[in-house]
Amino acid sequence: MPSSHPGELIVEPVSRQDHLLQVLRVPDPRKPRGRRYPLAALIAVAVCAVLPGAKGFTAIGQWAAESTTHTLTILGMVRDAADGATFRRTFARLGADLLDQVLGAWAATRLVMVNGLRVISLDGKTLRGARAGTERAPHLVAALCGISTLGQVAVDAKSNEIPAVRDLLGFVDINGAVVTLDAMHTRTDTATTIRAGGAHYVFTVKADNKHLYAQLKELPWKQVPAHSTRDSGHGRKETRTIKTAQVPEWITFEGAAQVAQLRRATWRKKSKDSVKRKSVEVVYLITSADHRVAPALVLSGWVRRHWGIENKLHHVRDVTYDEDRSQVRTGSAPQVMAALRNTAIGLLRAAGFDNIAEANRHMIRDEARPLRLLQT
């Protein structure tokens, strides 16, 4: 969406052949006088530093200082290496939403289609360590498709995730995709936005949506055929049972075609006496995709992929990158760091790494390895 207004992002078409260094075009918040390093070079160096595990600006500056002149030159830093303070000052003023759009547009060209469909999961996360004084900690909503983060927006301090999700849907390409969201977003206006964008939605329905939840719960589920899958690993076993039905006429929800009941039974083994604990969760779903597009087990897989955003993205940012204890707080810097982590995690998964901590250790042993990922 090209724009001629000063300070606005100009998103140019991105091809599959473009590597990340070619698309880092973000409006520079600095005054022309006194600029020492190109903005694109600072972003590229920061991504390269986060790939081996840099958690803050000091660590990013150290990675730059320890890199060879050859590497820095390729990244666009033609002078001596920038220090941590330079990254901190610049990223605190950077348009973080715009950076997320550029990185997301590039990530979208790396997606692998599954049966002709993309499943895009939207979910929010609070940056707890970035809370300053009495202000609320920044809260971000991200869109994850497979291994790639397609975009991210900040939630207004005086609002909640609902309008932020609509903002995110406004610049993420959802045409022909399936969008999954949790119960907070089970609203007709959000459903309208998704359908207008050419996508199908899958919403979770819980008790806080009293009327719709009661309607779904009262359906004769005992008479509906069940489909089950089983999984095990990490000291637990899980059975997932789904029942689907055409949406009844008396349920009036924008564009709805199917409803479902999903039952998840989990057995976890205690470490001391090996006694198994069982927990059962039952949720209801409503989707605009009919049974031809989303048969029962396909719909179950979409929901499971939605729950995966917590493990594949947010958990990794918390545990591996220690995000919740990060002291980065000034201006846009917390969101910029989150964007850099999202990009690094996507690049590492695309390179075949399932364990991001192991990938960080692999990257840190050779400065050419992060550089090669940016050029792939």
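About the criteria used
- Residues numbered from 1 in each chain as written.
- Predicted model: local features only at pLDDT ≥ 70, side-chain atom pairs only at ≥ 80, totals over all residues.
- Heavy atoms only, no water.
- Helix = DSSP H or I, 4+ residues; strand = E, 2+ residues; numbered from the N terminus.
- Rg over C-alpha atoms; globule rule 2.2 N^0.38 Å.
- Buried < 20%, exposed > 50% of the residue type's maximum accessible area, 1.4 Å probe, protein only.
- Contact = heavy atoms within 4.5 Å.
- Lys, Arg positive; Asp, Glu negative; His and termini not counted.
- Charge placed at Lys NZ, Arg CZ, Asp CG, Glu CD.
- 1 Å grid on protein atoms, 1.4 Å probe; cavity = no way out; pocket = protein on both sides within 12 Å on 5 of 7 lines; lining within 4 Å.
- Points joined across faces, edges and corners; volume = space filled by probe spheres on them.
- Expected span 1.5 Å × (residues − 1).
- Pairing = 2+ DSSP bridges.

The chain is annotated in an unreviewed UniProt entry as Putative transposase YbfD/YdcC of Nocardiopsis algeriensis.

Take the overall build of the chain next. Across its full length, the chain holds 13 helices and nine strands. Over its C-alpha trace the chain gives a radius of gyration of 22 Å, about what one expects of a compact globule, namely 21 Å for 376 residues. By its C-alpha atoms, the chain is 70 × 60 × 45 Å across when sized along the principal axes. Taken over 376 residues, the chain has a buried fraction of 49%. A separation threshold of at least 6 residues defines the contact pool for the chain, and within that pool the share at least 24 residues apart is 62%. Across the chain, 53 positive and 35 negative side-chain charges occur, with their mean positions spaced 5 Å apart.

Considered as a void within the structure, the largest pocket measures approximately 760 Å³ in volume. The set of elements that each furnish at least two residues to the lining of the largest pocket consists of strand S6 (227-233), strand S7 (236-246), strand S8 (258-269), strand S9 (276-287) and helix H10 (296-319). Sort the elements by how many residues they give to the lining of the largest pocket and H10 lands first, with 10 residues.

Take helix H6 (residues 96-108) next. With 13 residues, H6 extends 18 Å between its outermost C-alpha atoms, agreeing within 8% with the 18 Å of an ideal straight helix rising 1.5 Å per residue. For H6, the set of buried residues is Ala-96, Leu-99, Asp-100, Gln-101, Val-102, Leu-103, Gly-104, Trp-106 and Ala-107.

Before going further, it helps to examine the pairing of strand S4 (residues 177-181). Moving residue by residue along a regular strand, the side chains alternate between the two faces of the sheet. With five of its five residues buried, S4 lies for the most part within the structure. Burial along S4 is two-sided: the face carrying Ala-177, Val-179 and Leu-181 and the face carrying Val-178 and Thr-180 are both buried. Pairing analysis gives four bridges linking strand S1 (residues 118-126) to S4, with the strands arranged parallel. Paired with Val-119 across the strands is Val-178, a residue of S4.

Right, let's get into the environment of Arg-263. Within the secondary structure layout, Arg-263 lies in strand S8. Here Arg-263 falls in the partly exposed class, since its relative accessible area comes to 35%. Between the C-alpha atom of Arg-263 and that of Lys-243, which follows or precedes it by 20 residues, the distance is 8.8 Å. When neighbours within four sequence positions are excluded, Arg-263 is seen to be in contact with Thr-239, Arg-240, Thr-241, Lys-278, Val-280, Glu-281 and Val-282.

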